[in-house]
Amino acid sequence: MPYLQVEDLKIHYEIEGEGAPLIILHGMGNNSQSWKKQLKGLSEHYTVIAWDAPGYGKSSDPTTELKEFKQFADVLKGFIDNLQYESVILLGHSMGSAIALDFCYRFPHMVDALIISDATRGAAALSKEANEQKLNNRLTNIETLEPKELAALRVTELLSPQPAPEVKKEAERIYSQIRPMGFRSVAYSLFHLNQMEILPLIVVPTLVICGELDKVTPVSESQIFHDAIKNSTFVTIPLTGHLCYQEDPNQFNSIVLDFLTSLDKVKDAHCNALFD
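A few points on the structure. (Residues numbered from 1 in each chain as written. Predicted model: local features only at pLDDT ≥ 70, side-chain atom pairs only at ≥ 80, totals over all residues. Heavy atoms only, no water.)

## Focus: the overall build of the protein
Assigned secondary structure in the protein consists of ten helices and eight strands. The C-alpha atoms of the protein give a radius of gyration of 18 Å, which matches the 19 Å a tight globule of 276 residues would have. Along the three orthogonal principal directions, the C-alpha set of the protein runs to about 65 × 40 × 40 Å. Per-residue burial for the protein yields a buried fraction of 51% across its 276 residues. Total accessible area on the protein is roughly 12,700 Å²; 50% of this is exposed by carbon and sulfur atoms. Between the mean site of the 24 positive side-chain charges and the mean site of the 36 negative ones, the protein shows a separation of 4 Å. (Helix = DSSP H or I, 4+ residues; strand = E, 2+ residues; numbered from the N terminus. Rg over C-alpha atoms; globule rule 2.2 N^0.38 Å. Buried < 20%, exposed > 50% of the residue type's maximum accessible area, 1.4 Å probe, protein only. Areas by Shrake-Rupley, 256 points an atom, 1.4 Å probe, with all protein chains shown as cover. Lys, Arg positive; Asp, Glu negative; His and termini not counted. Charge placed at Lys NZ, Arg CZ, Asp CG, Glu CD.)

What follows is the structure, encoded as C-alpha cells:
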C-alpha cells in the first residue's frame, strides 16, 4: 500500500505496470479504487498510477479546506516530484480534469500528453446564482447526509439510464467513502473554477473523452473543451454516463491506448526523419 509524503499530506496511490508513467486523477465522488480496470487494462503498456486526492480514499485530510484546484495541482506537483518523474501523461476525470488542466498550464514541460474525461467547467458553466446554489447544496448535503445516503442520491445521476447492476453497486460503494474535508475542498474549488482563459494556451497533445449520455457534464460541455484546446481529439463513448470509464472500461481503455499509440507513431516518424 504505497504512500508518499507531500509537505504535511500523506498521499496514497495505486500503481501497476511498467513503461512511461500515466497518472490518473479521480473525480469528486470517487477515489483510486474506481480505476482498477484502468490499472489492469493499461498497465501492459504504461506505469499506471491512480492517486487518492487530499481528503479522499486513504490519503490524509488537509488541515483546512482547499479552495482552488491550483492547490490540488500544487500537491500533484510534489507527488510527481517525489516519484522522481521528469514528465508524465496525465488523465483526469471530472474534477480531476480541472486539476490536470491547471497543472498542464503551469508545468507544460512536465506533461507529455493530457487526457480529460467528462471534464467540468465549474463556475464558468453556471450563472452566479446557480453557482452559489450548487455550492450551498453540496455543503448542506455533506453536513446533513450520511455518505451512503449521499451516494444513493448522486450515483444515479452519474450513470447511464440502465447501468449494469454491478457497476452501480460498485459506484455506490466507492462514493460512500467520501469524507467531509475532501468533499468540501472540491465543492469550494468548483465554486471558484473558471479555466476558460487557459484552455487556448494548452500546448500538449490532448484527448477529450465524454460519455454519450453524461447528464452531469454533457457532451456539449466536452465540445467546449475540444473547441478551445488547439489540435485536441474528441471521442464519445456510446451508452455511458458521467462515469464512462467504469461503465465501459474496455472501450475507454482502447480509446486511451489508440490516442497514446498515435502520439508514439508521430514521435517515431519524427525521430526517423531526423536520421534519414
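## Things to note about the pattern of salt bridges
Considering all chains together, one arrives at nine salt bridges under this definition. The partner of Glu-65 in a salt bridge is Arg-184, with the nearest N and O atoms 2.6 Å apart. With Glu-65 in the loop between β4 (46-51) and α2 (69-83) and Arg-184 in helix α7 (residues 180-191), this pair connects stretches of sequence that are 119 residues apart. Among the residues examined, Glu-65 registers a relative accessible area of 24% and is labelled partly exposed. Using a relative accessible area of 21% as the deciding quantity, one classes Arg-184 as partly exposed. Its salt-bridge partner being Lys-77, residue Asp-81 comes within 2.8 Å of it at the nearest N-O pair. In this pair, Asp-81 and Lys-77 are both assigned in helix α2, four residues apart and thus about one turn of the helix distant. (Salt bridge = Lys/Arg side-chain N within 4 Å of Asp/Glu carboxyl O.)

## Observations concerning unusual backbone geometry
Within the chain, Gln-84 stands out as a residue other than glycine whose phi angle is a positive 65°. Its location among the elements puts Gln-84 in the loop between α2 and β5 (88-93). Take Gln-84: its relative accessible area is 72%, and that puts it in the exposed class.

## Observations regarding the layout of surface pockets
In this structure, the largest pocket encloses a volume near 660 Å³. Looking at the largest pocket, it is lined by 33 residues, and the ones nearest its centre are Lys-134, Arg-138, Arg-154, Leu-190 and Val-216. Counting residues per element, the ones that place at least two in the lining of the largest pocket are α4 (128-144), α5 (147-158) and α7. For the lining of the largest pocket, the residue count by class is 14 nonpolar, twelve polar and seven charged. (1 Å grid on protein atoms, 1.4 Å probe; cavity = no way out; pocket = protein on both sides within 12 Å on 5 of 7 lines; lining within 4 Å. Points joined across faces, edges and corners; volume = space filled by probe spheres on them. Nonpolar A, V, L, I, M, F, W, Y, C, P; charged D, E, K, R; others polar.)

## Examining the sheet that holds β5
Sheet strands associate in pairs through backbone hydrogen bonding, adopting either a parallel or an antiparallel arrangement. Taken together, the eight strands give an open sheet; going across it, the order is β1-β2-β4-β3-β5-β6-β7-β8, and neighbouring strands pair in mixed fashion. Of all strands in the sheet, those with a lone pairing partner are β1 (3-6) and β8 (233-237), marking the two edges. Mean inter-strand twist for the sheet, computed between neighbouring axes without regard to direction, equals 25°. Across four bridges, the pairing between strand β6 (residues 111-117) and strand β7 (residues 206-211) is parallel. Bridge pairing in β7 places Ser-117 opposite Ile-209. (Pairing = 2+ DSSP bridges. Axes fitted to C-alpha atoms, helices over the stretch in contact; angles between N-to-C directions.)

## Some words on the packing of α5 against helix α6 (residues 165-175)
Look at α5 against α6: their axes get within 9 Å of each other, and the N-to-C directions meet at 135°. The angle between the axes of α5 and α6 places the two elements in the oblique class. Crossing geometry of α5 relative to α6 is assigned as right-handed. Residues Leu-150, Ala-151, Ala-152, Arg-154, Val-155, Thr-156 and Leu-158 of α5 lie in contact with α6, whose contacting residues are Lys-168, Ala-171, Glu-172 and Tyr-175. Class assignment for the residues of the contact of α5 with α6 results in seven nonpolar, one polar and three charged. (Parallel < 35°, antiparallel > 145°, perpendicular 65-115°, else oblique. Left-handed = near helix turned anticlockwise from the far one by under 90°. Contact = heavy atoms within 4.5 Å.)

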